[in-house]
Amino acid sequence: MDTTSIVLRLAAILHSLNPVVSAVFLAGIFASHAAVRETRRRFKTTKLRGPPPSSFIFGAGKDVLDSPEPGDVYEAWSQEYGVVYEVPLALGKKKVILCDPKAVAHFFAGDTRTYGHTALDKVTLERSVGKGILWAMGENHRRQRRSMSPAFTYASIGKLTPVFYDCVYKVKAAWDGIIGANGEDGAVIDVSQWMNHLSLDSVGLAGFSHDFGALDGKKASVTRVFEAFQDSSKRNDMSSGVFLLLQVFPILVYIPSPRMKLVRELHYAMVDVCNDMLDKTKKEKEAGALDGREKSIIEVLVQAERADTAFYATREEAVAQMKALLIAAYESSAVNLVWALVELARNPEVQATLREELLDCHGDPTYEQLNKGLPYLDAIAHETLRLHSSIPDFERIAEEDDVIPLSEPVHTKTGEVVDSIRVAAGTLVGISTPSINRSTAIWGVHAKEFRPKRWIEKDGIAKKAQEVQGHRHLLSFGDGPRMCIGKGIALTMFKVVLSVLVKNYVFEMRDGPNTVIEMGRALSVRPKVAGEQGARLPLRVKRYEG
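Here we summarise the structure given alongside this text. None of these values were measured; they are calculated from a predicted model. (Residues numbered from 1 in each chain as written. Predicted model: local features only at pLDDT ≥ 70, side-chain atom pairs only at ≥ 80, totals over all residues. Heavy atoms only, no water.)

Observations concerning the sheet that holds strand β4 (residues 186–190)
(1) Moving on: Across the sheet, which stays open at both edges, the three strands sit in the order β4-β12-β9 with antiparallel pairing between neighbours. Edge strands, defined here as strands with exactly one partner in the open sheet, are β4 and β9 (505–509). Taken pair by pair, the neighbouring strands of this sheet meet at an average axis angle of 35°, ignoring direction.
(2) Moving on: Relative to strand β12 (residues 538–543), β9 runs antiparallel, the two sharing five bridges. Of the residues in β12, the one forming a bridge with V506 is K542. (Pairing = 2+ DSSP bridges. Helix = DSSP H or I, 4+ residues; strand = E, 2+ residues; numbered from the N terminus. Axes fitted to C-alpha atoms, helices over the stretch in contact; angles between N-to-C directions.)

Here it is as structure tokens:
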């Protein structure tokens, strides 16, 4: 009997049953199918060692979630169980963790093809940013990335540099006013809020020719919702438990909560403003007002909407790309800048060395100088990204059976020594970004220190770290086909902002060098001074007098 006949026979049987019995029958079929798939996965996947579950319900998940440094937990497990191991998650679910550069490179090379989004990622990405480049997989992802790539060339990013300077000089004017009104040589300033507004206005103007006016004190709907996330409290035990169970039951994301309400408000606010910006740009293009001008991100998206282009994009996709860039600016770019200012305040000698390099430049650095002429600024940018990546981890589902090679052998549960592992389709595979970026096994004994000179010194980058194939041997922008398309813009804006602020101000920890920094929870996780409400990070900012 062929498959079609079987399906028709089952349909006839179900039709003859009452609805309750039919539902139970179907549930039994799906449960049996899931059990068979799980049995196959366990049989075909290499049996790896790993930590025992600390909780029957949550596995070892809470060990990671409750740690102030999750990367250190993964690194400790790697030292005990080897460069690949298995972690028990909620309700018996398991995840293979990769801490080996060769395995990590193989994983990223297969991203969007061999490895795909988890069910949870598909739901959360669709609800937060839509079916854009972050959500798409396979050929769909390649098409969307190609449609956007003209806006992210070296030359295109260079044209944006004056916009970044204009925005940071707005910050300087405002800070000069605050310090002047304070009647002293300095003032306490919440740098987190200012970097949020700076990043949002910068990407609005540079990418979409739209001024959100955040630096001018305007409260656009998007800005208001972003700021509401800033006031979110840290996770409590209940929200932590729900977060861990989401890995097993993604449908829980639909349960109403104050946080999910904010996510939906942000979605609708961004959809409205993005559609308005796209319509405005489309009219300008049709009127010829954009002729002869370097294509901005929004112009590239408008052009991609045309059905006769090779790499088209739908309106839904164009809106999703814009939403992703806005969130990346407000969260990732702003958080990177905040961490840089914290590290400079903690390390006054590093701050002084950077200031000296910038003052020797005589005037604002050009785009070419920002990229090739200021090695210490570049070192600080990459050391900040290394120590404080805004992407905590990468998690994918194996779409097909795979064999992952290793650069060093590991012992399996059965005592066998292997230099590769088998992964069956359906296996959850993950990488902890900080456990790679800050691993002492990969980066050496000073891996946990903020040490920019490692990027300048001969042999400053450990040989093992050079095996990591991400941008500058880091996973902060991911790797492979899904490497962050906006990394050039992010680095340029970072360097422009620091070049102006460090030349003009001296940064100190408000409560002294031993000020405790903890992780707060806004839209994503970000640094805050311990005890501060929300995700605030006040620093003492003084004018640099020379």
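After that view, the rundown keeps rolling.
Remarks on a nonpolar patch on the surface
(1) Moving on: Nonpolar side chains collect at one region of the surface, where F56, I57, L91, F249, I251 and Y254 lie side by side and expose about 700 Å² of accessible area between them.
(2) Moving on: Here F249 shows up in the loop between α11 (237–246) and α12 (258–286). (Patch = residues over 30% accessible without salt bridge, like charges linked within 9 Å, V, L, I, M, F, W, Y side chains within 5 Å. Areas by Shrake-Rupley, 256 points an atom, 1.4 Å probe, with all protein chains shown as cover. Salt bridge = Lys/Arg side-chain N within 4 Å of Asp/Glu carboxyl O.)

Examining the pattern of salt bridges
Between side chains of opposite charge, a pair can form when the charged atoms approach closely.
(1) Moving on: In total, this model carries 30 salt bridges according to the counting rule given.
(2) Moving on: Between E69 and R438 there is a salt bridge whose closest N-O contact spans 2.6 Å. Of the two residues, E69 is situated in the loop between α3 (61–65) and α4 (70–81) and R438 in the loop between α18 (433–437) and α19 (440–443); the sequence distance between them amounts to 369 residues.
(3) Moving on: In this structure E69 comes out as partly exposed when scored by relative accessible area, which is 35%.
(4) Moving on: R438 gets classed as buried once you look at its relative accessible area, which sits at 10%.
(5) Moving on: Note that R346 is salt-bridged to E343, the shortest N-O span being 3.4 Å. Here E343 and R346 lie together in helix α14 (residues 315–346), a separation of three residues that amounts to about one turn.
(6) Moving on: Judged by relative accessible area, which is 33%, R346 ranks as partly exposed.
(7) Moving on: E343 sits in the buried class, given a relative accessible area of 5%. (Buried < 20%, exposed > 50% of the residue type's maximum accessible area, 1.4 Å probe, protein only.)

Some thoughts on the packing of aromatic side chains
Two aromatic rings are characterised by how far apart their centres lie and by the angle between their planes.
(1) Moving on: Applying the stated criterion across every chain, the model contains 12 aromatic pairs.
(2) Moving on: Look at F108 and F394: their rings are 5.1 Å apart centre to centre, the planes differ by 85°, and that puts the pair in the edge-to-face class. Here the residue F108 occupies a position in helix α5 (residues 101–109), and F394 occupies one in strand β5 (residues 393–398), the gap between them amounting to 286 residues.
(3) Moving on: F108 sits in the buried class, given a relative accessible area of 1%.
(4) Moving on: Members of the aromatic cluster, connected to one another through ring pairs, are F107, F108, Y115 and F394.
(5) Moving on: Positioned over the ring face of Y544 is R355, at 4.9 Å from the centre of the ring. (Phe/Tyr/Trp six-rings, centres within 6.5 Å; stacked < 30°, edge-to-face > 60°. Lys NZ or Arg CZ within 6 Å of the ring centre and 35° of its normal.)

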